[in-house]
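Here is how the chains run, residue by residue.
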Amino acid sequence: MKKIYCIGELLIDFVAEKQGSDLSQAFEFTKKAGGAPANVACAISKLGGNGIFIGCVGSDPFGSFLLETLKNEGVDISLTQLSDTFTTLAFVSLSEDGERDFVFNRGADKELKYNANLRKNLHGNILHLGAATALLGGPLEKTYTKYLFDGLTKEMFISFDPNFRSDLWKDDEETFIKKCMPFVEKSHLCKFSQEEAQLISGKENIEEACDFLHTVGTKIITVTLGKDGTLLSMNGTKKIIPSIPVTPVDTTGAGDAFIGCLLYQISDLGNFDPVMKDFSLLEKMVATANKAGAITTTNYGAIVALPTKEQL
Ligand code: ATP
């Protein structure tokens, strides 16, 4: 089984207890572990895979809580770094009109330094780059780009999820799109939501969006479509792979469960060649990953809701 290195942010989400008010009116918050690449590492480890998280948290109680959470899910946190800067904190509330009120205190996640000693272990493994905060600047962005090039020289299977957060990029979507392009160009697999595929390609029609994104470079595209499943596009073939019917209570983390489960299956295969060539093999894997996404929506929270292999 291949190792899967997941690089990016790990942070605290403080979610307002009483929904329907904006943050100025919220008094009670629930502390939750957050960060899409960290969720992906948890999804992989919960399925029995070799999920390794590389990110940075503060040397403070929030950082300890986050590391403990990942450790409890079986994630290898030996490459996670500690910083004197406070752990990154996000405060979220849903106001009455359904709009998200969001305050982001960026701290330690941006401090991730490149670890040159890691290069010797990377060869032939899997690299997953989740970009929610990684493209916002700071040492993390440089580190991220260096690992992308390591991924190429070390013959890794590279996976990219842009994790577009409108709250973080509302005044500068153009910069986000520009910064995503080298990752779309060099990754073997890109996982987009419908909104991301449309935004990054500039094309409304989802099939045209995929065609454009393939011309940028990526060979395999998955576009997650919520209850409708996932559009898989590779080698000129496109197909919507249906999900399973569920009664969702909280969709947080469904996308992370999906990509985590897909990468777990690729790691289990131990050989990337068939994945790049065999559409029907990938189709089966996507169908299983859809199930992981669907199951995650049936429970509250992201990490606790991720399925085990038995549940799957
Ligand atoms: P996120 O919202 O976590 O950033 P995302 O928008 O990529 O990620 P979704 O499309 O909501 O994620 O879900 C990922 C996958 O999980 C879908 O492609 C689908 O297979 C499955 N899924 C999500 N919601 C449902 C649902 N309501 N019913 C069935 N399957 C679902």
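Conventions and cut-offs
Numbers given for residues are sequential positions, taken from 1 along each chain in its written order. In keeping with the model being predicted, local features are shown solely for residues with a pLDDT of at least 70 and side-chain atom pairs are shown and tallied solely at 80 or more, while totals for entire chains, interfaces and linings include all residues. The side-chain values count all of the structure's non-hydrogen atoms but skip hydrogen atoms and water molecules. Under the scheme used here, helices are H or I runs from DSSP no shorter than 4 residues and strands are E runs no shorter than 2 residues, and both carry numbers assigned from the N terminus. For this measure, only C-alpha atoms enter the radius of gyration; the expected value for a globule follows 2.2 Å times N^0.38, where N is the number of residues. When a residue's accessible area, from a 1.4 Å probe over protein chains only, is under 20% of the maximum for its type it is buried; when over 50% it is exposed; and in between it is partly exposed. One less than the number of residues in a helix, times 1.5 Å, gives the span that helix is expected to have. Throughout, a residue-residue contact means that at least one pair of heavy atoms, one from each residue, lies within 4.5 Å. Nearness here has a simple test: a residue counts as near a molecule or strand if at least one of its heavy atoms is within 4 Å of that partner. In the analysis that follows, any N or O atom pair within 3.5 Å is treated as a polar contact, provided that within protein one partner can donate a hydrogen and the other can accept it, and provided that, for residues neighboring in sequence, both atoms belong to side chains. Here the open area of atoms and residues is found with the Shrake-Rupley method and a 1.4 Å probe, where only the protein chains shown may cover a residue. Residues enter a nonpolar core if they are buried and are Ala, Val, Leu, Ile, Met, Phe, Trp, Tyr or Cys, with the set joined through side-chain atoms within 4.5 Å. Strands are labelled as partners when DSSP assigns at least two bridges between them. Where helices are involved, their axes are fitted lines through C-alpha atoms of the stretch in contact, as for all axes, and angles between N-to-C directions lie from 0 to 180°. In this scheme, roughly parallel covers angles under 35 degrees and roughly antiparallel covers those over 145, while 65 to 115 is roughly perpendicular and the rest are oblique. Crossings are classed by handedness, with left-handed meaning an anticlockwise turn of the near helix from the far one by less than a right angle and right-handed meaning a clockwise turn. Classification convention: Asp, Glu, Lys, Arg as charged; Ala, Val, Leu, Ile, Met, Phe, Trp, Tyr, Cys, Pro as nonpolar; all other residues, Gly among them, as polar. Note on patches: the residues involved have over 30% relative accessible area and no salt bridge, like charges join within 9 Å, and the nonpolar side chains Val, Leu, Ile, Met, Phe, Trp and Tyr join within 5 Å. We define a salt bridge as a side-chain nitrogen of Lys or Arg found within 4 Å of a carboxyl oxygen belonging to Asp or Glu. Positive charges come from Lys and Arg alone, negative charges from Asp and Glu alone, with His and the N- and C-terminal ends not counted. For this purpose, a charge sits on NZ of Lys, CZ of Arg, CG of Asp or CD of Glu. Any two of the Phe, Tyr and Trp rings considered here, Trp counted by its six-membered ring, make a pair once their centres fall within 6.5 Å; the pair's planes then place it as stacked at under 30 degrees, edge-to-face at over 60, or tilted in between.

Undergrad: Looking at this structure, I do not really get the overall build of the protein. What am I missing?
TA: When its secondary structure is counted, the protein shows eleven helices and 14 strands. Against the 2.2 N^0.38 benchmark of 20 Å for 312 residues, the protein shows a C-alpha radius of gyration of 18 Å, consistent with a compact globule. Its C-alpha atoms give the protein principal-axis dimensions of about 55 × 45 × 40 Å. Across the 312 residues that make up the protein, the buried fraction comes to 55%.

Undergrad: It is not clear to me how helix α11 (residues 279-296) should be interpreted in this structure. Could you clarify?
TA: An α-helix turns once every 3.6 residues. As a result, residues three or four positions apart point the same way. The end-to-end C-alpha distance of α11, which contains 18 residues, comes to 25 Å, matching closely the 26 Å that a straight helix rising 1.5 Å per residue would cover. Of all the residues in α11, the buried ones are Phe279, Leu282, Met285, Val286, Ala289, Asn290, Ala292, Gly293, Ala294, Ile295 and Thr296. Elements in contact with the buried residues of α11: β12 (220-224), β13 (230-234), β14 (237-241), α9 (254-269) and α10 (273-277).

Undergrad: Just to check I follow, could you spell out the site of the ligand for this structure?
TA: Taken together, the neighbourhood of the ligand is formed by 18 residues, with Lys191, Thr224, Gly226, Ser243 and Asn290 sitting nearest. With respect to the ligand, the backbone of Gly229 contributes an N or O atom lying 2.9 Å from an oxygen atom. In this structure, Asn290 approaches the ligand through a side-chain N or O atom, which is 2.9 Å from an oxygen atom. Starting from 620 Å² of accessible surface for the ligand in isolation, the protein chains cover 83%.

Undergrad: Looking at this model, I keep getting lost on the nonpolar core. Mind explaining?
TA: Soluble globular proteins tend to bury their nonpolar side chains together. Core analysis: the biggest nonpolar cluster contains 47 residues, and Phe157, Ile220, Leu262 and Ile266 have the highest contact counts within it. Per-element accounting of this core gives the leading share, eight residues, to α9. Apart from residues lying up to four places away in sequence, Ile220 is in contact with Phe157, His188, Leu189, Cys190, His214, Leu232, Ser233, Met234, Val275, Met276 and Leu282. Ranked by size, the runner-up nonpolar core spans 46 residues in total, among them Ile7, Leu135, Phe164 and Ile206.

Undergrad: Quick question: what am I supposed to make of the pairing of β12 here?
TA: Remark: a regular strand shows side chains that alternate across the two faces of the sheet. For β12, the buried fraction is high: five of the five residues fall into the buried class. The pairing of strand β11 (residues 189-193) with β12 spans five bridges and is parallel. The partner of Lys191 across the bridge, within β12, is Thr222. With five bridges connecting them, β12 and β13 associate as antiparallel partners. Paired with Thr224 across the two strands is Thr230, which belongs to β13. Between β12 and β13, which pair antiparallel in sequence order, lie five residues; one of them, Gly226, sits at a positive phi of approximately 60°.

Undergrad: Quick question: what am I supposed to make of the packing of α9 against α11 here?
TA: Describing two packed helices takes the angle between their axes plus the distance from one axis to the other. For the pair α9 and α11, interaxial distance at closest approach is 7 Å and the crossing angle is 140°. Between α9 and α11, the crossing angle belongs to the class labelled oblique. Seen from above, α9 lies across α11 with right-handed handedness. Residues Ala254, Ala257, Phe258, Cys261, Leu262, Gln265, Ile266 and Leu269 of α9 form the contact with α11, whose participating residues are Leu281, Lys284, Met285, Val286, Thr288, Ala289, Asn290, Ala292, Gly293 and Thr296. A class-by-class count of the residues in the contact of α9 with α11 yields twelve nonpolar, five polar and one charged.

Undergrad: Honestly, the environment of Thr297 in this entry has me stumped. Any pointers?
TA: Locating Thr297 in the fold gives a position in the segment after α11. Considered as a pair, Thr297 and Leu168 are 129 residues apart in the sequence and their alpha carbons are 24 Å apart. The contact partners of Thr297, leaving out residues within four places of it in the chain, are Val246, Thr247, Pro248, Val249, Asp250, Thr251 and Ala254.

Undergrad: What's the story with a negative patch on the surface in this structure? I'm lost.
TA: A cluster of like negative charges, contributed by Asp171, Asp172, Glu173, Glu174 and Glu195, occupies part of the molecular surface. Here Glu174 shows up in helix α6 (residues 173-186). Judged by relative accessible area, Glu174 falls into the exposed class, the value being 59%.

Undergrad: How do you make sense of the packing of aromatic side chains when you look at a structure like this?
TA: The description of two aromatic rings rests on the distance between their centres and on the angle between their planes. Throughout the structure, instances matching the rule amount to ten aromatic pairs. On the numbers, 5.1 Å between centres and 15° between planes, the contact of Phe14 with Phe91 is stacked. Taken together, the residues Phe14 in strand β2 (residues 11-16) and Phe91 in strand β7 (residues 89-94) connect sequence positions 77 residues apart. Given a relative accessible area of 12%, Phe14 falls into the buried group. For the ring pair Tyr114 and Tyr147, a centre distance of 5.0 Å and an interplane angle of 50° mean the geometry is tilted.

Undergrad: Would you take a moment to explain the sheet that holds strand β4 (residues 50-54) for this structure?
TA: Pairing between sheet strands relies on hydrogen bonds along the backbone, with the strands arranged either parallel or antiparallel. Taking strand neighbours across the sheet as the criterion, the eight strands line up as β4-β1-β9-β10-β11-β12-β13-β14 in an open arrangement whose pairing is mixed. The open sheet terminates on both sides in strands that have one partner only, identified here as β4 and β14. With strand direction ignored, the average angle separating the axes of adjacent strands in the sheet is 20°. Note that strand β1 (residues 3-7) and strand β9 (residues 126-130) share four bridges and pair parallel. Of the residues in β9, the one forming a bridge with Cys6 is His128. Together, β9, β10 (157-161) and β11 form the strand contacts of α6, whose direction differs from that of β10 by roughly 145°. Seen against the sheet, helix α8 (residues 206-216) touches β11, β12, β13 and β14 and runs at an angle of roughly 150° to β12.

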